[in-house]
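Now for the letters of each chain:
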Amino acid sequence: MNTPDQSQLGKASTYLDQYDASLLFPIPRADKRAEIGVGSAPPFFGADMWTAFELSWLTPRGKPQVALAHFTVPCETPNIIESKSFKLYLNSFNNTRFAEAAEVQARLRTDLSEAAWRGSGQVATIGVRLLLPELFDREPVHELDGLSLDRLDIECTRYTPAPELLTAAFDEQPVTEVLTSNLLKSNCLVTGQPDWGSVQIRYSGPQIEQGGLLQYLVSFRNHNEFHEQCVERIFMDVWRQCKPTQLSVYARYTRRGGLDINPFRTSHPQGLPPNVRMARQ
């Protein structure tokens with residue numbers, strides 16, 4: 001079983017430019033889920049949506065091609081894909097010749113599906129969509145919809161996750177709200193490098209006290225965990241402390257190494273939000 005400290009994170013790496021699927025380094029979700037009390041049947045659905053901004057390969061005649069790529073990894077997969085290994089894997093396409101973009105897309109889909117499902121005895125398809133240069137100007141930029149918590153003038157003193165800051169009005173009428181913040185920051189589990197993000201919380205149920213929610217989100221500031229793990233921790237803390245009847249947590253993190261990761265978790269089956277980048281991404 002792979003562990004984060006066995007990955008290439010924080011280590012000098014050789015950047016291969018010939019295709020090599022073995023560079024992908026899947027890490028089981030189970031250990032970090034166990035830390036937050038999530039077992040084999042999580043109380044959420046969703047996916048991790050990735051965007052690759054640095055994808056290139058060669059035509060059979062050696063001419064470079066470039067594309068953007070969107071990847072959708074369901075949260076039901078037993079593994080996350082460690083981000084530096086993902087970057088190294090994508091780099092391995094740089095001097096590899098492919099007949100057409102569809103061949104690149106198919107190779108990506110096969111390799112990522114195998115890595116995400118490795119060790120489970122099953123393989124289901126990971127979503128892969130390539131955007132070629134003629135479609136680049138159709139890529140929108142849009143901020144998360146909702147009421148910004150960042151408008152609140154509050155004191156913040158906690159910088160490691162503090163779910164006790166979360167409260168809700170259990171004796172009042174339930175509400176439906178969409179709340180956002182650009183103040184999410186955590187650190188890489190292995191290297192401690194900062195990860196900057198924005199988060200959207202959509203819920204129905206007892207009204208969540210907004211000041212406490214913002215203080216709680218800020219409390220991740222010195223916390224070391226991968227993006228996917230932070231979002232699942234936020235989901236479970238809000239779910240347990242505030243007891244909504246429905247809850248969705250969606251975070252969009254700024255890119256590193258040409259990749260951004262945007263996890264989405266929801267208590268009820270629904271379509272994924274559009275994978276649309278924000279200005280900071």
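Higher on the page you've got the structure.
Reading the values: rules and limits
- Residues numbered from 1 in each chain as written.
- Predicted model: local features only at pLDDT ≥ 70, side-chain atom pairs only at ≥ 80, totals over all residues.
- Heavy atoms only, no water.
- Helix = DSSP H or I, 4+ residues; strand = E, 2+ residues; numbered from the N terminus.
- Contact = heavy atoms within 4.5 Å.
- Salt bridge = Lys/Arg side-chain N within 4 Å of Asp/Glu carboxyl O.
- Buried < 20%, exposed > 50% of the residue type's maximum accessible area, 1.4 Å probe, protein only.
- Pairing = 2+ DSSP bridges.
- Axes fitted to C-alpha atoms, helices over the stretch in contact; angles between N-to-C directions.

Chemist: Before we move on, can you summarise the environment of Cys 156 with the specific residues and values?
Modeler: Tracing the chain through its elements places Cys 156 in the loop between β6 (147–148) and β7 (168–169). Residues Cys 156 and Gln 215 lie 59 residues apart in sequence; the distance between their C-alpha atoms is 5.9 Å. In contact with Cys 156, not counting residues within four places along its chain, are Gln 215 and Val 218.

Chemist: Pulling in residues and values, what's your account of the pattern of salt bridges?
Modeler: Under the definition given, this model contains 13 salt bridges. Across the pair Glu 35 and Arg 233 runs a salt bridge, and its minimum N-O distance is 3.3 Å. Taken together, the positions of Glu 35 in helix α1 (residues 30–35) and Arg 233 in helix α5 (residues 227–242) put the pair 198 residues apart, joining distant regions of the chain. For Arg 233, a relative accessible area of 14% corresponds to the buried category. With its nearest N and O atoms 2.5 Å apart, the salt bridge here joins Glu 164 to Arg 158. What makes Arg 158 partly exposed here is its relative accessible area of 35%. Salt bridges here are not isolated pairs; linked through shared partners, they connect Arg 29, Arg 33, Asp 48, Glu 232 and Arg 265.

Chemist: How would you explain the sheet that holds β6 if you had to name every residue and give the values?
Modeler: Read from one edge to the other, the open sheet built from 8 strands follows the order β5-β3-β2-β12-β11-β9-β8-β6, with strand pairing classed as mixed. For this open sheet the edge positions go to β5 (127–131) and β6, each flanked by a neighbour on one side alone. Note that strand β2 (residues 45–58) and strand β12 (residues 259–266) share 8 bridges and pair antiparallel. Looking at the pairing, Thr 51 lines up with Asp 260 of β12. Strands β6, β8 (175–187) and β9 (194–205) of the sheet are contacted by helix α4 (residues 210–218), whose axis makes an angle of about 25° with β8.

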